Amino acid sequence: METIKKVGYVLLIAVFIYSCATTKDKNTSVVSNDKISDTLRIANDSLEYEILIIEPGFNSWLATQQPRGYYGVQFLESRNRQYVFEYNQRVIQPQRFNPNLYIQQINYEQNVHYGYEVNYLLYNYFLFFEQRYNQRFVFGRGRRF
């Protein structure tokens, strides 16, 4: 089971890094949302980016969270920048943080508009990640967002 988790993380992060790095259109919208078992795939029609979340329990957990539209896209982008920054800091400190959880850096460009769906799912994945693996991301003056 631990191997499945590692593979899932590697796939998630690798796909997100690839997709973020290749995005050119700042106004690209999500047009596909395919849910299969515990795999969630979001992509645009020209496949300029894609996010793939392979995590047992994520879909059912997501259904219990705030619905789409509850948060504004600016809120989600802001939080995702903070989460990605903190996550990447943990990746480069394997002596302090579990390298089985923090495998590879995420390339989330702050000047690229990934659209609401990608930001919503990424934000919720970070919340899921915190809860499931008992991790705590802290920003600013010790406040948790």
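Student: It is not clear to me how the overall build of the protein chain should be interpreted in this structure. Could you clarify?
Tutor: When helices and strands are tallied, the protein chain shows four helices and three strands. When the elements of the protein chain are put in sequence order from the N terminus, they spell out α-β-β-β-α-α-α. Buried residues in the protein chain amount to 44% of all 145 residues. Put simply, of all contacts in the protein chain between residues at least 6 apart along the chain, 66% involve residues at least 24 apart. If you sum the accessible surface of the protein chain, you get close to 7,800 Å²; carbon and sulfur atoms cover 50% of it.

Student: Teacher, can you tell me more about helix H4 (residues 116–132) here?
Tutor: Across its 17 residues, H4 extends 24 Å between first and last C-alpha, which sits within 8% of the 24 Å expected from 1.5 Å per residue. Across the 17 residues of H4, 14 count as buried, placing the element largely inside the fold. Trailing H4 by a residue or two, Asn134 shows a phi angle of about 50°, which is positive.

Student: Mind showing me how you'd approach the pattern of salt bridges here?
Tutor: Side chains that differ in sign of charge can pair as their charged atoms come close. Summed over all chains, the structure comprises three salt bridges. For Arg132, the salt bridge goes to Glu55, with nearest N and O atoms at 3.1 Å. Of the two residues, Arg132 sits in helix H4 while Glu55 sits in the loop between strand E3 (50–54) and helix H2 (58–62), which places them 77 residues apart along the sequence. Since its relative accessible area comes to 2%, Glu55 is described here as buried. In this structure, Arg68 and Glu117 form a salt bridge, with 2.8 Å as the shortest nitrogen-oxygen distance. Note that Arg68 is positioned in the loop between H2 and helix H3 (73–91) and Glu117 in helix H4, a separation of 49 residues in sequence. For Glu117, a relative accessible area of 12% translates into the label buried.

Student: What is the right way to read the packing of aromatic side chains from this model?
Tutor: Note on aromatic pairs: each is described by the distance of the centres and the angle between the planes. Evaluation of the coordinates by the stated rule reveals 24 aromatic pairs. Both rings, one in Phe97 and one in Tyr102, keep their centres 6.0 Å apart while their planes meet at 70°; by these two values the pair is edge-to-face. A single burial state applies to Phe97 and to Tyr102, both of which are buried. Summarising the aromatic geometry, the rings of Tyr116 and Tyr120 are spaced 6.0 Å apart at their centres and angled 15° between planes, so their arrangement reads as stacked. Here the residue Tyr116 and the residue Tyr120 both occupy positions in helix H4, the gap between them amounting to four residues, near one helical turn. You can call Tyr116 partly exposed: its relative accessible area is 24%. By relative accessible area, which is 1% here, Tyr120 ends up buried. Looking at Arg90, its charged tip hangs above the ring of Phe137, at a distance of 4.4 Å from the centre.

Cut-offs applied
Residues numbered from 1 in each chain as written. Predicted model: local features only at pLDDT ≥ 70, side-chain atom pairs only at ≥ 80, totals over all residues. Heavy atoms only, no water. Helix = DSSP H or I, 4+ residues; strand = E, 2+ residues; numbered from the N terminus. Buried < 20%, exposed > 50% of the residue type's maximum accessible area, 1.4 Å probe, protein only. Contact = heavy atoms within 4.5 Å. Areas by Shrake-Rupley, 256 points an atom, 1.4 Å probe, with all protein chains shown as cover. Expected span 1.5 Å × (residues − 1). Salt bridge = Lys/Arg side-chain N within 4 Å of Asp/Glu carboxyl O. Phe/Tyr/Trp six-rings, centres within 6.5 Å; stacked < 30°, edge-to-face > 60°. Lys NZ or Arg CZ within 6 Å of the ring centre and 35° of its normal.

Any functional reading would require information that these geometric values do not contain.
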